[in-house]
Every structure is written in C-alpha cells, then in structure tokens.
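Chain residues, written in single-letter form:
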Amino acid sequence: MNLFGKILVALNLVMSLVFMGFAVAVYSTHQNWREVVQRDPAVATPSQPKGLIFQVEEALTKNLALNERIKALTSEIAQERKLRDNRLALLETEKEKLKTEVAGKTAEIVTITEDKTKTTAAIEALTAEVAKKTADNDVLAKAVDDAKFQAENFYKDVLVRTDELAKLGAEIAKVKNQTKDVVGENTRLKTVLTAYHIDPNAPIANTPPKVDGYVKAATTDGLVEISLGSDDGLSRGHTLEVYRPGPTAGATKYLGRIEILQTKADVSVGKVIPQFRRGNIEKDDRVATRFN
C-alpha cells in the first residue's frame, strides 16, 4: 500500500469518527426535543415546563377564546359604530335645525334692533313734543290765570253794575209810583236807561254762555248735579239742555231742560223744568247750552 492509500484509509477513519459523532449528537438531540415537545404536564416543573404540544393546545384554546372575544367585540364595535352614525346623523339634523333657528333669531334680533331704533327715535320725538306741549301748557296756564283774574274783575264789575241797576230799578219804581203820567214816566225811564247805556227796547233774558258738560248725579225729585260751574260762566237762573248721545244723530235722546239753582267753581246744581221733561235724567248724560 502506497502513501496515497494510507492517506485515504486514515481519512476514511477520521470521517467515520466524525459521522459517528454527528449520529450520536443527532440522536441525543432528537431525544431532548421529544421530551420538550411531549413532556406530561403532570410532571412539569418550573425548570422543565410541560411539553410544547400541550402549550400549543393551550395556546390554541386561548386563541379560540380570544377569537370569540374578538368577534363579540367586533359586533359590539359595529353596533357602537352604527349607534354613533345614527347619533351623528341626529346631531347633524339638530345642527341644521339650530342653524336655521339661529338664522331666524338673528333676523329677529336685527328686526328688534331696527324697531328699537325707530322706537327710540319716536320716543325722542315725543319727548321733544311733550316738552313743547309743556311749554305751551305753561303759556296757556298763564293765559288762563290772566283770564280768571280778568273774569274776577269783570264779575266784580258786574256786581257793581248789578247794584247800580238795582238802585236804578228802585229809583224807577219810586218814580213810577210817584208819577201818574205814564207817558212821562216811560220817557223818564228811557232817559235813565239810556244814561246807563242800556237799550230800553231790548228783551231781558238770562242766556248762559256756550258750554258742554255732563251729569255727575241726579235725584228722583228732579235735582241734577253737573260738571260745569261759575268758572265756565254759569250762574243762578241759567238754563241748559240735557240729552243722551246715541251712536247716530237720530239715536240721540232729548231728556229735558234744567234751571241752575246754585253754582260753585267747577260744579252746579239745577232743577228739571217740568214742562220740558222728556225722560229720566241719569249720570253721564250730556248738558249743553243748546241741543246739538
């Protein structure tokens, strides 16, 4: 055997030993993995846990349970999502409704603001007009006071003139009783009246001023209290017409005529003249100088 043959024999021996080592290692390894895979859970310890096949079965069971849980959660999520979509749709509808309401309220606010501006302008105009009316009323009040003062002076003058006329009447009566000559007496009376600027041919009448008021109270015995007095120019002996206004002129009812018995500043008392009575006089009936 040459050197090459010896080398081949040695190489075969070495390779045989190597392959034998691999075989032993593979066998040993095969035995360890089998125990790892199939180790009984009853003999498992913390350092040597149960076999992988049992762990896989346990993992598969857990996986199935987790899949069922995932399905349940997926169904719940789908329902929640559906509810959320419905809620979002309702909220969107409510949002559009609120937008419409806000637009309407905004328009109302604009309208109210415009009305407020107009009202403020109207109030300012009315305030200015009231101020003007107040000033006019002050002027009228002063004019009324002046008129009252003049009326009082005129009334005093009338009283003086009345006394003078009374004295003149007494003088005329005295002269009339003393004279037998009627023509001469009439001539003298005319002369005296003319001297006092009185028309001897004018009829004597007690005509009230033009007034218009209402009945404040009335009694069954014919006494009537009215809202007019001496401030309105009324005095004892004046006569006024009483009527009840209707919706039309034809429906207005004439009730009669009253004669003033007593006057105060703003109220008078009169008595119904029987021959002119045409109905019962009641509170709030109208009184006037003449029937309108």
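Residues numbered from 1 in each chain as written. Predicted model: local features only at pLDDT ≥ 70, side-chain atom pairs only at ≥ 80, totals over all residues. Heavy atoms only, no water.

Quick notes on the packing of aromatic side chains
Scanning all chains against the criterion turns up 0 aromatic pairs. Positioned over the ring face of phenylalanine 276 is arginine 257, at 3.9 Å from the centre of the ring. (Phe/Tyr/Trp six-rings, centres within 6.5 Å; stacked < 30°, edge-to-face > 60°. Lys NZ or Arg CZ within 6 Å of the ring centre and 35° of its normal.)

Re the side chain of aspartate 285
With respect to the helices, strands and loops of the structure, aspartate 285 is situated in the loop between strand 5 (268–272) and strand 6 (286–288). For aspartate 285, the side chain forms a polar contact with the side chain of arginine 244, separated by 2.8 Å. Discounting residues that sit within four places of it in the chain, aspartate 285 has contacts with Gly213, Tyr214, Val215, Val242, Tyr243, Arg244, Leu255 and Asn280. (Helix = DSSP H or I, 4+ residues; strand = E, 2+ residues; numbered from the N terminus. Polar contact = N/O pair within 3.5 Å; in protein donor to acceptor, adjacent residues only side chain to side chain. Contact = heavy atoms within 4.5 Å.)

Looking at a nonpolar patch on the surface
Together, Phe4, Leu8, Leu11, Val14, Met15, Val18, Phe19 and Phe22 give the surface a local cluster of nonpolar side chains, amounting to about 770 Å² of exposed area. Counting through the fold element by element, phenylalanine 19 comes out in helix 1 (residues 3–38). (Patch = residues over 30% accessible without salt bridge, like charges linked within 9 Å, V, L, I, M, F, W, Y side chains within 5 Å. Areas by Shrake-Rupley, 256 points an atom, 1.4 Å probe, with all protein chains shown as cover. Salt bridge = Lys/Arg side-chain N within 4 Å of Asp/Glu carboxyl O.)

Re unusual backbone geometry
One non-glycine residue, aspartate 284, adopts positive backbone phi at about 80 degrees. Here aspartate 284 lies in the loop between strand 5 and strand 6.

A closer look at the pairing of strand 5
In the sheet, strand 2 (residues 223–226) pairs with strand 5 via 4 bridges, with the strands oriented antiparallel. What sits directly across from glutamate 225, in strand 5, is valine 269. Pairing between strand 4 (residues 253–263) and strand 5: 5 bridges, direction antiparallel. The residue of strand 5 that forms the bridge with glutamine 262 is valine 269. (Pairing = 2+ DSSP bridges.)

Here's the deal with the pattern of salt bridges
Any two side chains of opposite charge can pair, given that their charged atoms come close. On inspection of all chains with the given rule, the structure shows 9 salt bridges. The partner of aspartate 285 in a salt bridge is arginine 244, and the shortest N-O contact between them spans 2.8 Å. With aspartate 285 in the loop between strand 5 and strand 6 and arginine 244 in strand 3 (residues 239–244), the pair connects residues that are 41 residues apart, well separated along the chain.

Observations regarding the side chain of histidine 238
Its place among the elements puts histidine 238 in the loop between strand 2 and strand 3. Within polar-contact distance, the side chain of histidine 238 engages the backbone nitrogen of serine 235 at 3.1 Å.

Regarding the nonpolar core
If you look at the biggest cluster of nonpolar residues, it comprises 14 residues, and the most contacted ones within it are Val224, Ile226, Leu240, Val242, Ile258 and Ile281. Listed by contribution, the elements that provide at least two residues to this core are strand 2, strand 3 and strand 4. If we ignore the near neighbours within four places in the chain, the residues touching isoleucine 258 are Val224, Ile226, His238, Thr239, Leu240, Val242, Lys271, Val272, Ile273 and Ile281. (Core = buried A, V, L, I, M, F, W, Y, C linked by side-chain atoms within 4.5 Å. Buried < 20%, exposed > 50% of the residue type's maximum accessible area, 1.4 Å probe, protein only.)

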